[in-house]
Amino acid sequence: QVQLVESGGGLVQAGGSLRLSCAVSGTIFSTLDMGWYRQVPGKQRELVARITRGGTTNYADSVKDRFTCSRDNAKKTVYLEMNNLKPEDTAVYYCNARNVFSGTGYWGRGTLVTVSS
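(A) Highlighting the overall build of the protein. Scanning the protein for helices and strands turns up zero helices and 11 strands. Sequence-ordered secondary structure for the protein, helices as α and strands as β, is β-β-β-β-β-β-β-β-β-β-β. Over its C-alpha trace the protein gives a radius of gyration of 14 Å, about what one expects of a compact globule, namely 13 Å for 117 residues. Taken along its principal axes, the extent of the C-alpha atoms in the protein is 40 × 25 × 25 Å. Buried residues in the protein amount to 38% of all 117 residues. Within the protein, counting contacts between residues at least 6 apart in sequence, those at least 24 apart form 55% of the total. If you sum the accessible surface of the protein, you get close to 6300 Å²; carbon and sulfur atoms cover 46% of it.

Below, the structure is given as structure tokens:
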């Protein structure tokens, strides 16, 4: 079984920081492009950040210069460092993986981030 397990969510005040982690198991990590998405009830899930197998990143304009996505291949873990959080960042954050060879995708179950004002 391929599993993606997010952690690190919680309640934080505006201006604060959180680091989300996504631990991957059950597959070869080096075959995966990774991403972070977020979703608010009633809204579509949106891409927050992507990181390729080679470490290339890109970000949604709304989080650029505040969030940083990285990966630790030895730990088979992807991180999302979130700084200067805003109330509009409140969402369930989901980890996504895509096997670049097979095209198969996987989702974690999400971790809730709540930013208070």
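(B) Representation of the nonpolar core. Within the largest apolar cluster, 27 residues are counted, with the highest numbers of intra-cluster contacts made by Met34, Trp36, Leu80, Met82 and Tyr93. At the level of elements, β3 (18–25), β4 (32–39), β5 (46–51), β7 (67–72), β8 (77–82), β9 (91–99) and β11 (111–116) are the ones that each hand at least two residues to this core. Residue contacts for Leu80: discarding those within four places in its chain leaves Leu18, Arg19, Leu20, Trp36, Val48, Ala49, Phe67, Thr68, Cys69 and Tyr93.

(C) Spatial organisation of the environment of Val92. Assignment of secondary structure puts Val92 in strand β9. For the pair Val92 and Phe67, spaced 25 residues apart in sequence, the C-alpha to C-alpha distance is 16 Å. When sequence neighbours within four positions are dropped, the list of residues in contact with Val92 reads Tyr37, Arg38, Gln39, Gly110, Thr111 and Leu112.

(D) Inspection of the sheet that holds β8 at higher detail. Read across the sheet, four strands follow the order β1-β3-β8-β7 without closing on themselves; strand pairing throughout is antiparallel. Pairing within the sheet leaves two strands with one partner each, and these edge strands are β1 (3–7) and β7. For this sheet, the mean inter-axis angle between neighbouring strands, taken without regard to orientation, is 15°. The sheet contact formed by β7 and β8 spans six bridges and is antiparallel. Bridging across to β8, Cys69 finds its partner in Leu80.

(E) Structural detail: the packing of aromatic side chains. Taken as a whole, this structure holds two aromatic pairs when the rule is applied. Between Tyr37 and Trp107, the aromatic rings sit 5.0 Å apart at their centres with planes inclined by 70°, giving edge-to-face as the arrangement. Here Trp107 lies in strand β10 (residues 105–107) and Tyr37 lies in strand β4, a separation of 70 residues in the sequence. Note on Trp107: relative accessible area 42%, which makes it partly exposed. For the ring pair Tyr94 and Trp107, a centre distance of 6.4 Å and an interplane angle of 90° mean the geometry is edge-to-face. Residue Tyr94 is found in strand β9, and its partner Trp107 is found in strand β10; the two are separated by 13 residues along the sequence. The structure contains a cluster of three or more aromatic residues connected by ring pairs, namely Tyr37, Tyr94 and Trp107. Geometry around Tyr94 places Arg45 over its ring, the cationic atom sitting 3.7 Å from the centre. Against the face of Trp107 rests Arg45, its NZ or CZ located 4.5 Å from the ring centre.

What counts, and at which threshold
- Residues numbered from 1 in each chain as written.
- Predicted model: local features only at pLDDT ≥ 70, side-chain atom pairs only at ≥ 80, totals over all residues.
- Heavy atoms only, no water.
- Helix = DSSP H or I, 4+ residues; strand = E, 2+ residues; numbered from the N terminus.
- Rg over C-alpha atoms; globule rule 2.2 N^0.38 Å.
- Buried < 20%, exposed > 50% of the residue type's maximum accessible area, 1.4 Å probe, protein only.
- Contact = heavy atoms within 4.5 Å.
- Areas by Shrake-Rupley, 256 points an atom, 1.4 Å probe, with all protein chains shown as cover.
- Core = buried A, V, L, I, M, F, W, Y, C linked by side-chain atoms within 4.5 Å.
- Pairing = 2+ DSSP bridges.
- Axes fitted to C-alpha atoms, helices over the stretch in contact; angles between N-to-C directions.
- Phe/Tyr/Trp six-rings, centres within 6.5 Å; stacked < 30°, edge-to-face > 60°.
- Lys NZ or Arg CZ within 6 Å of the ring centre and 35° of its normal.

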